Amino acid sequence: MPSTDTTSPTDEPAPSSPPPPEPIAADAPAEVGADGSPAATPAPLADVAGAGPAPDPPALSAPSRRRPRRSTIVLGAALATVLVATGAGAFWAAGALDDARGEIRDQQRRLEEQQREIDQQREVIERKEEFGLALGAVEGAVAPLVGLPYASLVPWDRIDVVVDGAWSHRWSADALALDTDSLRDLADDLTAQRSNAEVEAATNATGTAWEAALDQLGSGWVSTRFMDVSTECGADAMACVWQAEPFVVRVGDHTRSDPTLTDWIRTGVAYHEFAHVLQFTNPGPTQAALGAFGGDVETMADCYALTELDGWSLHHEVPIDAVGGLGRLRRHLRRRAARAHPRVGVVGRGATASRRRLTGATRSAVAPPA
């Protein structure tokens, strides 16, 4: 019976498996156990000749550790480098921050010092401006005094000392402040003196010929002080002027009621005393002109009265009154005439006295003290 081919014409024949490799003599194929694990190696057969059993096979060594990959080493090294760099950067940043803080502190100190210097300079400038204003106040106080016959009225030496000192103190605000205070005090003092002089010139508090004449001659700068002058001016003096107080004329109380005196005589003696005021307040010109009067300040004072007071002479007669007769008055005048040229009458602390001389020096052509 013919055989029937069940293979589909379209079916291709199954490919044949490749032939197994030929075993190598040295290597025996490994047997696999039932559970898939390698089968135990069979013990070698004993030699036919009756040799002993074969030696045990060498034990299998433990599998060696796997070496780290190169990429892991590189990554670790990079990470360590980053950490070191980060630490170094942090350390450098901390040092740089400290340096920056120190620099800021130094700059702040320099700024503070510069600000202090600016404040000091500003204070010095302000003090200089104040000094200039104080000096202007002194000039304003001196201006109304120009033309008065008192050279020593304005203390120019003191002003020069203060101004020169201010130049030396131009960089010291405290010293300039003291100089400014000195000028202000001087200006206030001169202003107060001028105000008092104006009041003095406008009033006659004592109502006497003495004060009327001295207020007119001194423009109010010379005051009249009635007192017992026997000690300060001399026993026989009517009045005197002290060098220590050149603007005060000390007048004896007895002259206000002395019957041998008239207001005209009091006025003439007031001129004489005012000449002493000029002598003490103009020491330079007085010393230069004193030789023309024989060195006698009293003669100079008499010449001033003769020159400045019209109608004044050193020979006067007082009308008969309670004196007790004309003869007694004449004897009184002759006693005064005997002292025509006495020595300079300086009493006590530079006081120059008027000795009630009604006769004495002749008129002099030498100009009186300025």
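Predicted, not measured: the structure shown is a model, and the values here were computed from it.

### Digging into the overall build of the chain
Piece 1. The number of helices and strands found in the chain is eight helices and five strands.
Piece 2. Each helix (α) and strand (β) of the chain, taken in turn from the N terminus, gives the series α-α-α-α-β-β-β-α-α-α-α-β-β.
Piece 3. Taking all 370 residues of the chain together, the buried fraction comes to 32%.
Piece 4. Of the accessible surface of the chain, which amounts to about 24300 Å², a share of 57% is contributed by carbon and sulfur atoms.

### Considering the packing of helix α4 (residues 209–218) against helix α5 (residues 263–281)
Piece 1. Where α4 contacts α5, the two axes come as close as 8 Å, and the packing angle between them is 40°. With respect to each other, α4 and α5 are oriented oblique. For the pair α4 and α5, the sense of crossing is right-handed. Contact residues: α4 offers A209, W210, A213, L214, L217 and G218, while α5 offers D263, R266, T267, V269, A270, Y271 and F274.
Piece 2. Tallied by class, residues from the contact of α4 with α5 come to nine nonpolar, two polar and two charged.

### Thoughts on the environment of A270
Piece 1. Looking at where A270 falls in the secondary structure, it is placed in helix α5.
Piece 2. Between the alpha carbons of A270 and M238 there is a distance of 9.8 Å; along the sequence they are 32 residues apart.
Piece 3. Setting aside residues no more than four positions away along its own chain, A270 makes contact with W210, A213, L214 and L217.

### Things to note about the packing of helix α1 (residues 70–142) against helix α3 (residues 173–202)
Piece 1. Between α1 and α3, the shortest axis-to-axis distance is 8 Å and the interhelical angle comes to 15°. By the criterion of interaxial angle, the relationship of α1 to α3 is roughly parallel. The interaxial crossing formed by α1 with α3 has left-handed handedness. Along the contact surface, α1 presents E123, V124, R127, K128, E130, F131, A134, L135, A137, V138, A141 and V142, while α3 presents A173, L176, A177, D179, T180, L183, R184, L186, A187, L190 and T191.
Piece 2. When the residues that make up the contact of α1 with α3 are grouped by side-chain class, the tally is 15 nonpolar, two polar and six charged.

### Considering the state of the cysteines
Piece 1. Inspection of every chain in the model, using the stated rule, returns one disulfide.
Piece 2. Through a disulfide, C233 is tied to C240; the S-S separation comes to 1.8 Å. Here the S-S torsion is close to -50°, and the disulfide linking C233 with C240 is therefore left-handed.
Piece 3. Since its relative accessible area comes to 0%, C240 is described here as buried.

### Considerations on the pairing of strand β2 (residues 239–242)
Piece 1. The side-chain alternation of β2 yields two buried faces, one formed by A239 and V241 and the other by C240 and W242.
Piece 2. With four bridges connecting them, β2 and strand β3 (residues 245–252) associate as antiparallel partners. When the bridges of β3 are listed, V241 appears paired with V249.
Piece 3. Hairpin geometry of β2 and β3 is characterised by an intervening segment of two residues between the two adjacent antiparallel strands.

### Description of the nonpolar core
Piece 1. Counting 49 residues, the largest nonpolar core has Y150, W210, V222, V249, F274 and V277 as the members making the most contacts within it.
Piece 2. Of all elements in the fold, only α1, α2 (156–168), α3, α4, β2, β3, α5 and α7 (297–308) reach the threshold of two or more residues within this core.
Piece 3. With nine residues, α5 is the single largest residue contributor to this core.

### Notes on the confidence of the model for the chain
Piece 1. With 65% of its residues at a pLDDT of 70 or more, the chain shows a mean pLDDT of 74.
Piece 2. Scored below 50 in pLDDT, residues 24–35 makes seven contacts in the model with residues more than four places away or belonging to other chains.
Piece 3. Here residues 45–51 is a poorly scored stretch, pLDDT under 50, and it has one contact once near neighbours within four places are set aside; other chains count.

### Overview of unusual backbone geometry
Piece 1. One non-glycine residue, S219, lies in positive phi territory at about 55°.
Piece 2. Assessed through its relative accessible area of 37%, S219 is described here as partly exposed.

Conventions adopted
Residues numbered from 1 in each chain as written. Predicted model: local features only at pLDDT ≥ 70, side-chain atom pairs only at ≥ 80, totals over all residues. Heavy atoms only, no water. Helix = DSSP H or I, 4+ residues; strand = E, 2+ residues; numbered from the N terminus. Buried < 20%, exposed > 50% of the residue type's maximum accessible area, 1.4 Å probe, protein only. Areas by Shrake-Rupley, 256 points an atom, 1.4 Å probe, with all protein chains shown as cover. Axes fitted to C-alpha atoms, helices over the stretch in contact; angles between N-to-C directions. Parallel < 35°, antiparallel > 145°, perpendicular 65-115°, else oblique. Left-handed = near helix turned anticlockwise from the far one by under 90°. Contact = heavy atoms within 4.5 Å. Nonpolar A, V, L, I, M, F, W, Y, C, P; charged D, E, K, R; others polar. Disulfide = S-S within 2.5 Å. Pairing = 2+ DSSP bridges. Core = buried A, V, L, I, M, F, W, Y, C linked by side-chain atoms within 4.5 Å. pLDDT = per-residue confidence, 0-100.

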